[in-house]
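Summary of structural features
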Amino acid sequence: MKKTLIVVLSALLPLMAWAQTKPTAGNGTPDNPYQIATAEQLVWFQELINGNSSEGAEPNTGACAKLTANIDLSQVCSPTKGGWVAIGLNGAHPYKGTFDGQGHTISNLYADWDDEKPGSWGLFNYVDGATLKNVRFNNVTIAHPNSSAALVFTASNCEISDIVLEGQVRGLWFYGIAANIDHATLSRCANYSNLSRATCERYVDGPMGFGGIAGHTREVKVTDCVFDGTVTMDYAHDVTGLVADAQVSVEISNCLVGGSFNLAKSTKEPSEYQYVQSLFAYVNGTSPNVLVKNCFVDERFSVTYGGKAVSQENVLGSLMYGPPQFMEYNMYSRAYWASASDLSSGRIAFMLQDGREESVWGQTLSTQAKPVLGGKQVYVNSGSLNCAG
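Residues numbered from 1 in each chain as written. Predicted model: local features only at pLDDT ≥ 70, side-chain atom pairs only at ≥ 80, totals over all residues. Heavy atoms only, no water.

**Brief notes about the side chain of H144**
In this structure, H144 sits in the loop between β6 (131–143) and β7 (147–148). H144 sits in the buried class, given a relative accessible area of 11%. At 3.5 Å, the side chain of H144 forms a polar contact with the side chain of W121. Apart from residues lying up to four places away in sequence, H144 is in contact with D112, W113, W121, L172 and W173. (Helix = DSSP H or I, 4+ residues; strand = E, 2+ residues; numbered from the N terminus. Buried < 20%, exposed > 50% of the residue type's maximum accessible area, 1.4 Å probe, protein only. Polar contact = N/O pair within 3.5 Å; in protein donor to acceptor, adjacent residues only side chain to side chain. Contact = heavy atoms within 4.5 Å.)

**Quick word on the side chain of T304**
You can see T304 is positioned in strand β25 (residues 302–305). Among the polar contacts listed, one links the side chain of T304 to the side chain of N262, at a separation of 2.8 Å. Ignoring anything within four residues of it in the chain, the contact list for T304 reads F261, N262, L263 and A309.

**Side note on the packing of aromatic side chains**
Taken as a whole and assessed by the stated rule, the structure comprises 12 aromatic pairs. Their ring planes at 75° and their centres at 6.1 Å tell us that F45 and Y95 sit as a pair that is edge-to-face. Within this pair, whereas F45 is found in helix α2 (residues 39–50), its partner Y95 is found in the loop between β3 (71–72) and β4 (98–112), the two being separated by 50 residues in sequence. For the residue pair F45 and Y95, the accessibility class agrees, reading buried in each case. Seen from their ring centres, F99 and F124 are 5.3 Å apart, and the 80° between their planes marks the pair as edge-to-face. Of the two residues, F99 is situated in strand β4 and F124 in strand β5 (residues 124–128); the sequence distance between them amounts to 25 residues. Each member of the pair, F99 together with F124, is buried. In this structure an aromatic cluster arises from ring pairing among Y34, W44, F45, Y95, F99 and F124. (Phe/Tyr/Trp six-rings, centres within 6.5 Å; stacked < 30°, edge-to-face > 60°.)

**What to know about the pattern of salt bridges**
By the definition in use, this model includes 8 salt bridges. Put simply, D228 and K370 hold a salt bridge, and the shortest N to O gap is 2.9 Å. Taken together, the residues span a long stretch of sequence, with D228 in the loop between β16 (226–227) and β17 (230–233) and K370 in the loop between β28 (361–362) and β29 (372–373) at a distance of 142 residues. Taking the shortest distance from any N to any O, the salt bridge between K370 and D298 comes out at 2.8 Å. Of this pair, K370 sits in the loop between β28 and β29 while D298 is found in strand β24 (residues 290–298), placing the two residues 72 residues apart along the sequence. (Salt bridge = Lys/Arg side-chain N within 4 Å of Asp/Glu carboxyl O.)

Take a look at the structure:
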């Protein structure tokens, strides 16, 4: 009887008891977004969007915000404080506004498996028609076997740009920036993180999956993105540098993959890796229509299974993997190995820039071994490569 009473009372409590503070500047409109500078103000914004704030019980899903400082979420979510409650928590009320990080960093995002509240699988759960941009993440843990990502669990009809993931990442089925995305664009996103398995007592021996930029994709363009991190785990179902599950009309262009995948306890032979690939892990759907163009893989990119290396031929040679009946559909690939010398010389940066006037890819040749997003533009002058500026 006592146990039943506790359960009933807990159900009446708010989703969380974190401190929350209304921002002192902004009113949430596109022209005057809320200015968020602390973890407590981000909690207030989350409650406003989810309809659980002092501003009213109705979700204000269109409110806009921008970060004005770096935010450490360990002040409000951790294994001892409880997991983060995502913005746009409920799929019936997805976030629809503009969220601009202005290049600031959100660190120590933590979410877990808690039956007392709805699941949270990223900073945002559901977004539809939103713009998410200019956010950096450092150190992310999502200890839940559902698909998850640092930025957003499910995004539809959205523009996502200039998102960077760094530091230590711990997850189970973790897909970089966006776990499920359809009718949307992902541009100028980067993943430099080191991924390992999250601790989850209720999911000890289950398989894992990883995508460096995105998970399940439909009608999506991924442009000017980079994965150059590491993945270290015992076993995995699928592991890939960019897009884990390309379903319908997915286009990837001007992207770069590096880093390493190490599946320490896998018993498969390297020739049977199947789901571990540099760009795609799996091509799905009845008519995929997948396009990969002008993409490069660092020749030092490596995959090991139980200490045995997967050959370069296997990694890039089977760029797309799927059932034979799916592979008959239109899939056109232009992805290449990039040598260390071509990467350091600026040649790959020049090719990734792809003749565009707006500077996207660049490199300081004297100090940077690889192309970088937003670097000094490389150009050709009298037959040689040079770095502008």
